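Reading the structure
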Amino acid sequence: MLSETQIDAESTNGYAIRAVDISMAVLLILAAAPALVLKYLYRRCRYGAAIERINIYGTRGKQIDLYQFTGEGICCRWPYLINLLGGDLSLVGSEIEFNFKSHSAMTSDKDDQHIQTRESYIKPGILTFKQMHQRVGLNFESQDAEVCKAHKNPMIYLFAALRISLTQVFTPNKTSSAVAHIPLFGLKLDNLTMDELLENITQHALNHQLAKLNPLSMDTPIGMVQYAFVNADCLNISARDPNYLRCLRTSCHRVFADGSGIRLASQWKGYSPKDNLNGTDMFPRLCEQLSSKGLSVFLLGGEPGVAAKTAVNMQRTLPNLQIAGTHHGFLNTPKLNQAVIDKINDSGANVLLVAMGVPKQEVWLEAHQAKLNIAVGIGVGGLFDFYSGNIKRAPLWVRQLGMEWICRLAEEPVRMWRRYLLGNPLFLYRVLLEIFSPKQSKSVSIKRQASKPDSTCEVLRASHKKSDARFKPVETPLSSKLLNLTNNQVQNRQAINRCQRQLVLARLNSGLKRGVDLVGAITLLILLLPLLLTVSALIRLESKGPVFFSQRRAGKHNALFTMWKFRSMYQDAEYRLNRLQSANEVPGGVLFKMKKDPRITLIGKLIRKMSIDELPQLWNVIHGDMSLVGPRPALESEVKQYSLHDRRRLSVKPGITCIWQVSGRSDIPFEQQVELDIDYIYQQSFVTDIWLLIKTIPAVIWARGAY
């Protein structure tokens, strides 16, 4: 639990945190006021009383009344804002603990003792890290430490609230974590918590050690078990490497879901992994368990010296940890390979961690299961690089958002770009194919499992018929069906399959694009809030009129919407436009641009030069009218002058930036702008959008073509 010393050290920020709580409570109450009034009246008519009070524990065991709407549902929690405004709750805090004793009931000595021994000096929170960790599979991480960090600084506090809110918005609710196995790509992923995984490993190691010391104590011999962690890249490899897929299915006793990609795929299929199980998070916790139970571990893999450095670093943290031995992972000769196996067996290690990379580590363990005298063998990928200090791991807040892969990409862009930028979309595409064709996937899985017992007979039969293979075609159910089809029918079926694949890929790109839009727009609004407030004040001080300027623009398929900008011109700008048409510097007459437009204010020149005037369009992105990347939205008057060719740029959602915005902006003629927008429409993808967003940063800084 949090200590009083920790809270005292952070008390200087207490008033700032309280100010944030009050501000957020007021803003949310005002924003939701109409809905709250209607909800209040509805509950009052239906239940007789709209508000009910529930007794909970506050700081230091103090009992407080928590307000909520009568009945059930998520909306029932809106009155929590009253408690937030009154100071009973924090926006981000510890988990709410209910006191189920009646208000009129006398508390017993046991209850008084519970209240006195409760050492929570942080208020209960509307948003908690426990909620987030349950959604992202990080239940094994400390909740109290994260709450303490969040209360150190108002910005950290707001960022924590944003992270928790984002995971709440983007995590599917209708998923089940009660299943023992999660089916994915023909594999059965074991659904365990981190504690259950550690208990499983240590218990098998203890049983194996007991069997070695006293063979007669066990009814059956206990051999080595092999465990594997699989992430999105592993399943991509298994799709093209049948030997690795067979190893995961037949030789690995347990296979665990690792990473946000596997978690997302499982949730799309209606399952929720209990924890994000991976070797990097498991390693220090496993070492702690092994140290407490007197068991040892052998580290095999990595570059020469990396495993040894990992062992030294871990023994500094856990002096009682028994490292049975270490060795690098380059076993290039049979002699060296056998020598390492002998070294492992002679060391008496209970657990073997192999870090050779996928699929080499799983295949190596499978090939030497019979020779290795250990309890548990686990493939752990690049784990030793993290704990040796060679590679820095992503901070916890990045992992909470499921974005650790971005840090890995930044650490090793040359080696990792193909895995993440190409592999992640490919993995999600394969997941969607499996979801949209469940019968086909199920039938393929059943056929493969049913054919396993007869695999030897099939090999013998194939060897007898090898000499006749070139003269007598092998007849399969697929080939017999195709023989009954005409050439046109076969081509039609292939075309339909291609169309279905393109449709799935288009839906995938659309979903990824919307996700990037929401995350990017919300994050930018939070981070740029001080700048937005400053610009608003400067605009209002320089000239009379509203801070924001709204205008009807043409969206996707020419659907009109209201686009928002910071006002950069005087109020009579539209009236003065007709008199300035003759000074238009854009050929063609569709767009109007002037480098020295007299309608622009002094602040307007600055914010237009830096593209700050476009920032309110982040709200249009959140609302769904616009995207971060796409052709710029046109005026109604401009669309009326479009040719049929020009109207093709209206076939997608408009955006804040696109190709011509990063290639010269207003210096590019209108006809070329249209061609660049059409080029984007045909080549748009998740990777293209990310690349254009990155290129927008220097384009804004240098401000070439901006006026």
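About the criteria used
- Residues numbered from 1 in each chain as written.
- Predicted model: local features only at pLDDT ≥ 70, side-chain atom pairs only at ≥ 80, totals over all residues.
- Heavy atoms only, no water.
- Helix = DSSP H or I, 4+ residues; strand = E, 2+ residues; numbered from the N terminus.
- Buried < 20%, exposed > 50% of the residue type's maximum accessible area, 1.4 Å probe, protein only.
- Contact = heavy atoms within 4.5 Å.
- Areas by Shrake-Rupley, 256 points an atom, 1.4 Å probe, with all protein chains shown as cover.
- Pairing = 2+ DSSP bridges.
- Expected span 1.5 Å × (residues − 1).
- Arc of directions from axis to C-beta.
- Axes fitted to C-alpha atoms, helices over the stretch in contact; angles between N-to-C directions.
- Parallel < 35°, antiparallel > 145°, perpendicular 65-115°, else oblique.
- Left-handed = near helix turned anticlockwise from the far one by under 90°.
- Nonpolar A, V, L, I, M, F, W, Y, C, P; charged D, E, K, R; others polar.
- Salt bridge = Lys/Arg side-chain N within 4 Å of Asp/Glu carboxyl O.
- Right-handed = clockwise from strand over helix to strand, strands pointing away.
- Patch = residues over 30% accessible without salt bridge, like charges linked within 9 Å, V, L, I, M, F, W, Y side chains within 5 Å.
- Phe/Tyr/Trp six-rings, centres within 6.5 Å; stacked < 30°, edge-to-face > 60°.
- pLDDT = per-residue confidence, 0-100.
- Polar contact = N/O pair within 3.5 Å; in protein donor to acceptor, adjacent residues only side chain to side chain.
- 1 Å grid on protein atoms, 1.4 Å probe; cavity = no way out; pocket = protein on both sides within 12 Å on 5 of 7 lines; lining within 4 Å.
- Points joined across faces, edges and corners; volume = space filled by probe spheres on them.
- Core = buried A, V, L, I, M, F, W, Y, C linked by side-chain atoms within 4.5 Å.

**Description of the overall build of the chain**
Along its length, the chain carries 31 helices and 18 strands. Buried positions account for 43% of the 707 residues belonging to the chain. A fraction of 72% describes how many contacts in the chain between residues 6 or more apart in sequence connect residues 24 or more apart. Looking at the chain as shown, the accessible area adds up to about 38,100 Å², and 58% of this sits on carbon and sulfur atoms.

**Overview of the sheet that holds strand β2 (residues 63-69)**
One open sheet holds the three strands; their spatial order is β2-β1-β4, and the pairing between them is antiparallel. At either end of the open sheet lies a strand with only one pairing partner, and these are β2 and β4 (97-98). Bridging between strand β1 (residues 51-57) and β2 involves seven bridges; their strand directions are antiparallel. Bridge pairing in β2 links Y57 to Q63.

**So, helix α14 (residues 306-317)**
Count 3.6 residues to each turn of an α-helix, and residues three or four apart come out pointing the same way. For α14, spanning twelve residues, the distance from its first C-alpha to its last is 17 Å, which sits close to the expected 16 Å at 1.5 Å a residue. Within α14, the full set of buried residues consists of V306, A307, T310, A311 and M314. One side of α14 carries all its buried residues, which in axial view fall inside an arc of 140 degrees. Check the buried side of α14 and you find it contacts α13 (279-293), β10 (296-301), β11 (322-327) and α17 (383-387).

**Side note on the packing of helix α9 (residues 194-213) against α13**
Where α9 contacts α13, the axes come no closer than 10 Å and their chain directions differ by 40 degrees. In terms of axis orientation, α9 runs oblique to α13. Here α9 and α13 pass one another in a crossing that is right-handed. Here M194, L197, L198, I201, T202 and L206 of α9 come into contact with α13, specifically with D281, M282, R285, L286, Q289, L290 and K293. When the residues that make up the contact of α9 with α13 are grouped by side-chain class, the tally is eight nonpolar, two polar and three charged.

**Some details on the pattern of salt bridges**
Applying the stated criterion across every chain yields a total of 21 salt bridges. A salt bridge links R408 to E412; its shortest N-O distance comes to 2.9 Å. We classify R408 as buried; its relative accessible area is 13%. Residues participating in the shared-partner salt-bridge network are E141, D281, R285, R393, R399 and E404.

**What to know about the pairing of β11**
Bridging between β10 and β11 involves five bridges; their strand directions are parallel. For L299, the partnering residue across the bridge sits in β11 and is T326. Handedness of the β10-α14-β11 crossover: right-handed.

**Overview of a nonpolar patch on the surface**
On the surface, a nonpolar cluster with roughly 320 Å² of combined accessible area is contributed by I22, V26, L30 and L85. Considering each element in turn, the nonpolar patch owes the most residues, three residues, to helix α2 (residues 14-31). Looking at where I22 falls in the secondary structure, it is placed in helix α2. For I22, a relative accessible area of 34% translates into the label partly exposed.

**Considering the packing of aromatic side chains**
If you walk through the whole model with that rule in mind, you get seven aromatic pairs. Ring plane angle 15 degrees and centroid distance 5.3 Å describe the contact between F548 and F566, whose orientation is recorded as stacked. Taken together, the positions of F548 in strand β14 (residues 548-554) and F566 in strand β15 (residues 560-566) put the pair 18 residues apart, joining distant regions of the chain. Residue classification places F548 among the partly exposed positions, given a relative accessible area of 40%. Judged by relative accessible area, F566 falls into the buried class, the value being 2%. An aromatic cluster of three or more residues is present, and its members are Y227, F229 and F256.

**Some thoughts on the confidence of the model for the chain**
On average, residues of the chain score 82 in pLDDT, and 83% of them reach the 70 mark or higher. Per-residue pLDDT stays below 50 along residues 113-119; that stretch engages in 13 contacts with residues further than four places along the chain or on separate chains. Overall, residues 440-484 carries pLDDT values under 50, and its contacts beyond four positions in sequence, including any with other chains, amount to nine contacts.

**A few points about the sheet that holds β14**
Pairing is antiparallel across the open sheet formed by three strands, whose spatial order is β15-β14-β17. The strands lining the two open edges of the sheet, one partner per strand, are β15 and β17 (634-635). One ladder, built from seven bridges, connects β14 with β15; its direction is antiparallel. Across the sheet, residue S550 finds its bridge partner in β15, namely W564.

**Examining the environment of Q131**
With respect to the helices and strands, Q131 occurs in helix α6 (residues 129-136). For the pair Q131 and Q168, spaced 37 residues apart in sequence, the C-alpha separation works out to 8.3 Å. Residues within four places of Q131 in sequence aside, it is in contact with I126 and I164.

**Here we look at the side chain of R408**
Looking at where R408 falls in the secondary structure, it is placed in helix α19 (residues 404-411). A polar contact is formed between the side chain of R408 and the side chain of E412, at a distance of 2.9 Å.

**Here's the deal with empty space enclosed by the protein**
By the definition in use, this model includes one cavity of 30 Å³ or more. Its volume calculated, the largest cavity comes out at about 50 Å³. Around the largest cavity sit A554, G555, P631, R632, P633, A634, R649, L650, V652 and P654, which together line it.

**A look at the environment of K360**
Relative to the helices and strands, K360 is located in helix α16 (residues 360-367). Since its relative accessible area comes to 43%, K360 is described here as partly exposed. Separated by 31 residues in the primary sequence, K360 and G329 have C-alpha atoms spaced 10.0 Å apart.

**Some details on the nonpolar core**
Residues V92, I201, M282, L353, I378 and F384 are the most contacted members of the largest nonpolar core, which totals 56 residues. Excluding anything up to four places from it in sequence, M282 contacts M194, L197, L198, I201, F229, L353, I378 and V380. Formed by 29 residues, the second largest nonpolar core is a distinct cluster that contains Y244, L248, V255 and L512.

**Description of unusual backbone geometry**
Leaving glycine aside, a negative phi is the common case for residues, and trans is the common case for peptide bonds. With omega at 0 degrees, the peptide bond leading from V358 into P359 counts as cis. Among the secondary structure elements, P359 is positioned in the loop between β12 (351-355) and α16. The phi torsion at F185 lies on the positive side, around 55 degrees, for a residue other than glycine. Tracing the backbone through its elements, the reader meets F185 in the loop between β6 (181-184) and β7 (187-190).

**Here's the deal with the packing of α6 against helix α7 (residues 143-150)**
Between α6 and α7, the least distance of the axes is 9 Å, while the angle of their chain directions is 125 degrees. Our classification of the angle between α6 and α7 gives oblique. Between α6 and α7 the crossing geometry is right-handed. Of α7, the residues touching α6 (which contributes F129, K130 and H133) are Q143, E146, V147 and A150.

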